[in-house]
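# Examining the three-dimensional arrangement
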Amino acid sequence: MGIQGMELFAIGVVIILFMAVLKQFGILEPMSSFEDDSSDSDLELSTVRHQPEGLDQLQAQTKFTRKELQSLYRGFKNECPSGLVDEETFKTIYSQFFPQGDATTYAHFLFNAFDIDRNGSIRFEDFVIGLSVLLRGSVTEKLNWAFNLYDINKDGYITKEEMLAIMKSIYDMMGRYTYPCVRDEAPSEHVDKFFQKMDKNRDGVVTIEEFIETCQKVTHFFTQTREHM
């Protein structure tokens, strides 16, 4: 993989893995095929530990239609009757899709990116807001989401240590026996190049502005390259 595409690769991994979550929840179906169900219109459950926000409010916060939100909620509540997804469930889901590797650490980082309230569980609201960004958000919105994933301690900066932890977790998830074989030092080398590219003022951390600016330049470069091929 070319180092120029690393940032986009990481975003792609997030989207691919989230699609795996949708399949596990039985949600990955054409949303337009669902009929309106008045019993779910108000997103009400009688035996849940968490009751989600109203449908109108979620529609205003996301780029999903009312019918799409109803469809997503039916799939979510079927797999998560309590209305919440805990980290162990999240990790179990990913281990099924990457049997050749260890997805535990990456699933932990991804779970924390979705756990907006930092309370150890993902609510339906967290689920659909994140899904809306990943599937229908602008490039900038997706990059903001990816930055939050890499910013492990949520202090507004990405350090080399944080980036290395994410990169190692991706390699562990993909497995040691992939082709071509990946050298043990590859994650560290990639992180070094990442910082040379993004850390504009050489202060040892990457800000959200540096992250977005560099990734958008990379995206623009690949767009122009495809147009002239």
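Note: the structure precedes this text.
Everything in this summary refers to the structure shown in the same document.

So, how was this worked out
- Residues numbered from 1 in each chain as written.
- Predicted model: local features only at pLDDT ≥ 70, side-chain atom pairs only at ≥ 80, totals over all residues.
- Heavy atoms only, no water.
- Helix = DSSP H or I, 4+ residues; strand = E, 2+ residues; numbered from the N terminus.
- Salt bridge = Lys/Arg side-chain N within 4 Å of Asp/Glu carboxyl O.
- Buried < 20%, exposed > 50% of the residue type's maximum accessible area, 1.4 Å probe, protein only.
- Phe/Tyr/Trp six-rings, centres within 6.5 Å; stacked < 30°, edge-to-face > 60°.
- Polar contact = N/O pair within 3.5 Å; in protein donor to acceptor, adjacent residues only side chain to side chain.
- Contact = heavy atoms within 4.5 Å.

### Focus: the environment of Tyr94
Along the chain, the position of Tyr94 falls in helix α4 (residues 87-97). Each C-alpha atom of the pair Tyr94 and Met173 lies 9.0 Å from the other, and the pair is 79 residues apart in sequence.

### Describing the pattern of salt bridges
In this structure the tally under the stated criterion is 9 salt bridges. A salt bridge links Asp56 to Arg66, with the shortest nitrogen-to-oxygen separation between them at 2.9 Å. Remark: Arg66 occurs in helix α3 (residues 66-79) and Asp56 occurs in helix α2 (residues 55-61); sequence separation between them is 10 residues. You can call Arg66 partly exposed: its relative accessible area is 32%. Glu141 serves as the salt-bridge partner of Lys63, at 3.2 Å between the closest nitrogen and oxygen. With Lys63 in the loop between α2 and α3 and Glu141 in helix α7 (residues 139-150), this pair connects stretches of sequence that are 78 residues apart. The partly exposed category is assigned to Lys63, whose relative accessible area is 43%. On the basis of relative accessibility, which here comes to 33%, the residue Glu141 falls in the partly exposed class. Taken together, the shared-partner salt bridges in this structure form one network comprising Asp117, Arg123, Glu125 and Asp126.

### Some thoughts on the environment of Tyr150
Among the structural elements, Tyr150 can be located in helix α7. For the pair Tyr150 and Met163, spaced 13 residues apart in sequence, the C-alpha separation works out to 6.2 Å.

### A few points about the packing of aromatic side chains
Throughout the structure, instances matching the rule amount to 9 aromatic pairs. On the numbers, 5.4 Å between centres and 65° between planes, the contact of Phe76 with Phe124 is edge-to-face. Note that Phe76 is positioned in helix α3 and Phe124 in helix α6 (residues 124-136), a separation of 48 residues in sequence. The two residues Phe76 and Phe124 agree in class, both being buried. Through successive ring pairs, a cluster of aromatic residues spans Tyr73, Phe76, Phe124 and Phe127.

### Thoughts on the side chain of Ser132
One can find Ser132 in helix α6. Engagement of the side chain of Ser132 in a polar contact is seen with the backbone nitrogen of Lys63, the distance being 2.9 Å. Once residues lying within four places of it in the same chain are set aside, the contact partners of Ser132 are Thr62, Lys63, Phe64 and Gly137.

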